[in-house]
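Overview (structure and organization)
As a plain string of letters, each chain reads:
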Amino acid sequence: MTTDDPILQRLAALRAGDLPVRGGRTMAYVYDSGLDGLEELASAAQAAFAGVNGLDMTAFPSVVELENDLVRRATALLGGTAGTFTSGGTESCLLAVLTARRHARAVRGVTEPELVLPETAHAAFHKAAELFGLRVVSVPVDPVTFKADPEAMGAALTDRTALVVVSAPSYAHGVIDPVREVAAEAARRGVLCHVDACIGGWYLGHLRTSTEAFAQDAPEIPEFDLNVPGVTSLSVDLHKYAYTAKGASLLLFRDAELRRHGWFAHASWPGYPVVNSTLQGTKSAGPLAAAWAVTERVGSEGYAALSTRVHRATHTLADGVRRIEGLRLLARPEASLLAVASDDPDLDVFVVADEMRGSGWYLQPQPAFGSSPANLHLTVTAAVAGEETVRLLLAELEKAVGRAREAGPVRVDPAIVEAAAGLDPDALTPEEVEVALALAGVGEGGRLPERMAPVLAVLQALPPRLSERLLPEVIGRLYQT
Ligand SMILES: *Cc1c(COP(=O)(O)O)cnc(C)c1O
């Protein structure tokens, strides 16, 4: 951003302290197509529709047209006959759960609804359960493949189950759950089944249309979409592998009759008649217009080409990681995500992440949970796919591993773990919170430490419920004015 405007200059200065959103070195949170002019197109479309209010489709009929176009494009790729444009994956997942809860009550008389999740399901589903009053039934996954176990999932279904969820792929491990098997169990019991394809839907859907580009070594993509019998809804984010501006996702349904259960209508007040298809009221049509413009420009063939690039880069990276001594992949990548763990007790992956960050690369730390050890998450996007970028990344990673091994792993004082085990997260006093944060090394000054490995080490040594009590305290201190 070059500008004379001092206000814009101040914004630019603030951005300089963030991770870069382009260039492929930030391997979580951001998605760069690497295509020239795409971001400019998205920005122009977004600006043109920024003030349009998607709250009232009768006043702004353009939003209906744009949304119908996007849903048509998505259902042609992933099945289903109806859909809703939302602000992101979390909102799509929330609405999938809300729709299922209301459907279960209306159609099956379920008053104490349950949500059956593999323990690898995205956090958004736990948020949905908490917001909308469902009981989560969390089912362990296969400890080797990290995939949902269809038998265990089937056994968890009851007359109270409103929805069962599978991922294609899971965020943490990048593996595709057995969609066909779980959906069949759900259908047998008359339960709805949601596929969380937030991160992988657009990528995998287009990859499978481009298999001719691979000749003999075409990737095997298991069935995962709304064409699988028993699947009733599917979420797919556009602000991930459709490479559009943030604030864009789709929730697709088997049919409009199911979709209707998630909508909210209100005529019992003195104001305008309300029909909301999403959680928001007033909403800018900017992200919708940007998504429409970007998908129109890139097109099916363009996305197939981008998916092919990403597929190749993912596998080159995976092979490279396997060759670095001390590192291993937690799972065989089935999409565009890698989970990289250490098989050497002297090598701490969180120290590797700090070292990488020092050299300009962001790999996302994932603390140990259940059968999943501490690891680093890498989202591979088209901007990473350049041969030079992959080569550089592997070279830097090897060096970072060397430095991390030299530095040694972070060791958590057993006294901290013992003290933590005695704390009741629901009954912590403000003083106990202060003590706990000081022990974790994040007590002072409302700033995050330079190096995250020591904090992450403590965090993963705490019971998750205690972490859930303390994390908002840490972040709350950043927002103290
Ligand atoms: C990203 C993601 C979500 C949540 O989406 P947001 O756009 O971050 O709100 C849900 N599920 C999976 C598998 C994801 O990768």
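Residues numbered from 1 in each chain as written. Predicted model: local features only at pLDDT ≥ 70, side-chain atom pairs only at ≥ 80, totals over all residues. Heavy atoms only, no water.

For helix α15 (residues 453-461), the full list of buried residues reads A453, V455, L456, A457 and V458. Check the buried side of α15 and you find it contacts α11 (349-358), β12 (364-366), α13 (414-421) and α14 (430-440). (Buried < 20%, exposed > 50% of the residue type's maximum accessible area, 1.4 Å probe, protein only. Helix = DSSP H or I, 4+ residues; strand = E, 2+ residues; numbered from the N terminus. Contact = heavy atoms within 4.5 Å.)

On to a nonpolar patch on the surface, then. On the surface, L448, I475, L478 and Y479 cluster together to form a nonpolar patch covering roughly 420 Å² of accessible area. Topologically, I475 is positioned in helix α16 (residues 464-478). The exposure class of I475 is partly exposed, given its relative accessible area of 38%. (Patch = residues over 30% accessible without salt bridge, like charges linked within 9 Å, V, L, I, M, F, W, Y side chains within 5 Å. Areas by Shrake-Rupley, 256 points an atom, 1.4 Å probe, with all protein chains shown as cover. Salt bridge = Lys/Arg side-chain N within 4 Å of Asp/Glu carboxyl O.)

With that settled, the discussion passes to the environment of D149. Inspection of the secondary structure puts D149 in the loop between β3 (135-139) and α6 (150-156). The spacing of D149 and D237 is 88 residues in sequence and 25 Å in space, taken between C-alpha atoms.

Time to look at the sheet that holds strand β11 (residues 337-342). The four strands lie next to each other as β10-β11-β13-β12, forming an open sheet whose pairing is antiparallel. The strands lining the two open edges of the sheet, one partner per strand, are β10 (327-329) and β12. Each adjacent strand pair in this sheet contributes to an overall mean axis angle of 35°, direction not counted. Across the sheet, helix α10 (residues 286-323) is in contact with β10, β11 and β13 (375-379); its angle to β11 comes to roughly 5°. (Pairing = 2+ DSSP bridges. Axes fitted to C-alpha atoms, helices over the stretch in contact; angles between N-to-C directions.)

Below, the discussion takes up the packing of aromatic side chains. Counted under the stated rule, the structure contains six aromatic pairs. A centroid spacing of 5.9 Å and a plane angle of 35° characterise the contact between Y29 and Y362, whose relative ring orientation is tilted. With a gap of 333 residues between them, Y29 in the loop between α1 (6-15) and α2 (38-49) and Y362 in the loop between α11 and β12 connect regions that are remote in the sequence. We classify Y29 as partly exposed; its relative accessible area is 48%. (Phe/Tyr/Trp six-rings, centres within 6.5 Å; stacked < 30°, edge-to-face > 60°.)

Right, let's get into the site of the ligand. Close contacts around the ligand come from G88, G89, T90, H122, P169, Y171, D196, C198, I199, D237, H239 and K240, and that covers them all. With respect to the ligand, the side chain of D196 contributes an N or O atom lying 2.7 Å from a nitrogen atom. Residues of the shell around the ligand, tallied by class, amount to four nonpolar, five polar and three charged. (Near = heavy atom within 4 Å. Polar contact = N/O pair within 3.5 Å; in protein donor to acceptor, adjacent residues only side chain to side chain. Nonpolar A, V, L, I, M, F, W, Y, C, P; charged D, E, K, R; others polar.)

If charged atoms from side chains of opposite charge come close, those side chains can pair. All told, the structure shown has 26 salt bridges when counted by the stated rule. Notably, a salt bridge pairs R180 with E223, separated by 2.9 Å at the nearest N-O pair. Linking R180 in helix α7 (residues 179-189) with E223 in the loop between α8 (201-209) and β6 (233-237), this pair joins segments that are 43 residues apart in sequence. By relative accessible area, R180 is classed as partly exposed at 39%. Using a relative accessible area of 44% as the deciding quantity, one classes E223 as partly exposed. Within the structure, one salt-bridge network assembled from shared partners comprises E434, R469, E473 and R477.

Strand order in the open sheet formed by seven strands is β1-β7-β6-β5-β4-β2-β3, with mixed pairing between adjacent strands. The open sheet has two edge strands with one neighbour each: β1 (82-86) and β3. If you compare each strand with its neighbour and ignore which way they point, the axes differ by 20° on average. Along the sheet face, helix α5 (residues 123-132) touches β2 (114-118), β3, β4 (161-167) and β5 (192-196) and points at about 165° away from the line of β2.

Attention shifts here to the domain arrangement of the protein chain. Along its sequence, the protein chain is organised into domain 1 (40-267 + 275-295), domain 2 (305-407) and domain 3 (414-476). Centre-to-centre separation of domain 2 and domain 3, based on C-alpha positions: 27 Å. The partner domain 3 presents eight residues to the nine residues of domain 2 that form the contact. Between domain 2 and domain 3 the total buried area reaches about 720 Å² when both faces are included, carbon and sulfur atoms providing 60% of it. (Domains from an automatic or database assignment. Buried area = accessible area lost by both parts, 1.4 Å probe.)

This paragraph deals with the layout of surface pockets. Where empty space is left in the structure can be found by rolling a water-sized probe over the atoms. Of the pockets and cavities examined, the second largest pocket occupies roughly 530 Å³. Surrounding the second largest pocket, 20 residues form its lining, V21, Y31, E39, T244 and A245 being those nearest its centre. No other element matches the five residues that α2 contributes to the lining of the second largest pocket. (1 Å grid on protein atoms, 1.4 Å probe; cavity = no way out; pocket = protein on both sides within 12 Å on 5 of 7 lines; lining within 4 Å. Points joined across faces, edges and corners; volume = space filled by probe spheres on them.)

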